[in-house]
Amino acid sequence: MKTTAPIILFVYNRLLHTQQVIAALKENLLSQDSELYIYADAAKDANALDKVNELRAYLPSVTGFKNLHISLREHNLGVDENVILGVTEIINKHGKAIVLEDDLVTSPWFLKYMNDALDFYENKEEVISIHGYVYPIPQKLKEVFFLKGADCWGWATWKRGWDLFEPDGKILLDKMIARNLQKEFDFDQTATFFKSLEDQANGKSTVWDIRWYAAAFLAGKLTLYPGQSMVANIGHDATGVHCGHSTNFDVVLAQSPISVETETVPDPEAFLAFSDFLKKLSADQTQPAKGILSRSFKKLKENTKKLIKAI
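Every chain begins its residue count from 1, and numbering advances along the sequence as written. Thresholds applied to this predicted model are a pLDDT of at least 70 for local features of residues and 80 or more for the giving and counting of side-chain atom pairs; totals over whole chains, interfaces and linings are not thresholded and use all residues. Where side-chain values are given, they derive from all heavy atoms of the structure, hydrogens and water being excluded.

**Focus on the packing of helix α6 (residues 169–178) against helix α8 (residues 193–201)**
Next up, step 1: Axis definition: a line fitted to C-alpha atoms, over the contacting stretch in the case of helices. Angles run 0 to 180 degrees between N-to-C directions. Numbering of helices and strands runs from the N terminus, with a helix taken as a DSSP run of H or I at least four residues long and a strand as a DSSP run of E at least two residues long. Relative orientation of the contacting elements α6 and α8 amounts to 135 degrees, with a least axis distance of 8 Å. Between α6 and α8, the angle falls in the class oblique. For the crossing formed where α6 meets α8, the hand is left-handed. Between α6 and α8, the contacting residues are G169, K170, L172, L173, M176 and I177 on the first element and F194, L197, E198, Q200 and A201 on the second.
Next up, step 2: Any residue that is not Ala, Val, Leu, Ile, Met, Phe, Trp, Tyr, Cys, Pro, Asp, Glu, Lys or Arg is counted as polar, Gly included; the first ten are nonpolar and the last four charged. Of the residues assigned to the contact of α6 with α8, the class counts are seven nonpolar, two polar and two charged. Here is the rule for angles: anything less than 35 degrees is roughly parallel, anything more than 145 is roughly antiparallel, 65 through 115 is roughly perpendicular, and the remaining ranges are oblique. Should the near helix be turned anticlockwise from the far one by less than a right angle, the crossing is left-handed, and should it be turned clockwise, the crossing is right-handed. Any pair of residues with heavy atoms lying within 4.5 Å of one another is described as a contacting pair.

See the structure below:
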């Protein structure tokens, strides 16, 4: 195997979540060969200070990795700017990286999956990234498969991939409209990702992940997914900035290694399975997801409430 990819972990004020993420990573075979970079955002106000300081006090005690690097932000950046700046810094230094946030617990085989895929697809220009999470889809999926675009719940990329990230949402929005790709971008109109991109471009949100997805999608690039999830999101407990209580995204983590080799073309069956899941999810607006989904469905709920009041 080539050099093990560094891990980037973004944290803020959730100590118990962060400890679970670290504990799970340490169970990975390659943890002791991996550099761990932790970016801890600063408190946004006085009310957040105690929890932020509690988490920061814990960070120096982290062990089990090749080297530990801790970056304490002096000012509150927010998750979006923190992620963009942190990923850019480490990608420019190492040429590749594995990216996690403080609510993403991993399978013991996560690091092997990520590093195997980073090595195997390194020179495949059509592949932009590797993703660790997959929806709890009832259909049988392939061991690994590709979809167009990119994703944000436990992912990895190379410098050539991250160089395609476009921070200007307006540029992405204009290209999407000009090429009439809204329907495909929304998984055959089963999600509201285009609306999320529109909101970001118009200054209504600062989300980074919709810009990552859109940039990869417009470039026609592919992301590799596992048939069984290598990542579980434990953040749907109302402790995060963008999510409340939900069990819609609960998964059983893979407990065995998988082969990462497959044909580098989009999987139409997986696309339909994702579309079906998102369609059912949009019908249940009781709790949106974090990240791209959360901002999309949150906006949908707000618009629905306004319509009801108007009536």
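Moving on from the coordinates now.
**Overview of the nonpolar core**
Next up, step 1: Of all hydrophobic cores here, the largest spans 98 residues; its most connected members are I130 and F185.
Next up, step 2: If you tally residues by element for this core, the top one is helix α9 (residues 209–218), at eight residues.
Next up, step 3: F185 has contacts with M176, F193, F194, L197, I210, Y213, A214 and F217, leaving out every residue within four places of it along the chain. Residue types Ala, Val, Leu, Ile, Met, Phe, Trp, Tyr and Cys, when buried and joined through side-chain atoms within 4.5 Å, form a set referred to as a nonpolar core. Only protein chains enter the calculation, and the probe is 1.4 Å; a residue is then buried if its accessible area is under 20% of its type maximum, exposed if over 50%, and partly exposed in between.

**Observations regarding the sheet that holds strand β4 (residues 96–101)**
Next up, step 1: One bridge is not enough; two strands pair if DSSP finds at least two bridges between them. Taken in spatial order, the eight strands of this open sheet run β3-β2-β1-β4-β8-β6-β9-β7, and their pairing is mixed. The open sheet terminates on both sides in strands that have one partner only, identified here as β3 (67–72) and β7 (144–148). Sheet twist, expressed as the mean angle between neighbouring strand axes with direction ignored, is 25 degrees.
Next up, step 2: Where strand β6 (residues 127–131) lies against strand β8 (residues 155–158), three bridges are found, and the strand directions are antiparallel. Each residue of the ladder has a partner; that of H131, found in β8, is W155.
Next up, step 3: Across the face of the sheet, helix α4 (residues 110–120) comes into contact with β1 (7–11), β4, β6, β7, β8 and β9 (222–226) while running at roughly 145 degrees to β4.
Next up, step 4: Sheet contacts for α9: β6, β7 and β8; angle to β6, the most-contacted strand, approximately 140 degrees.

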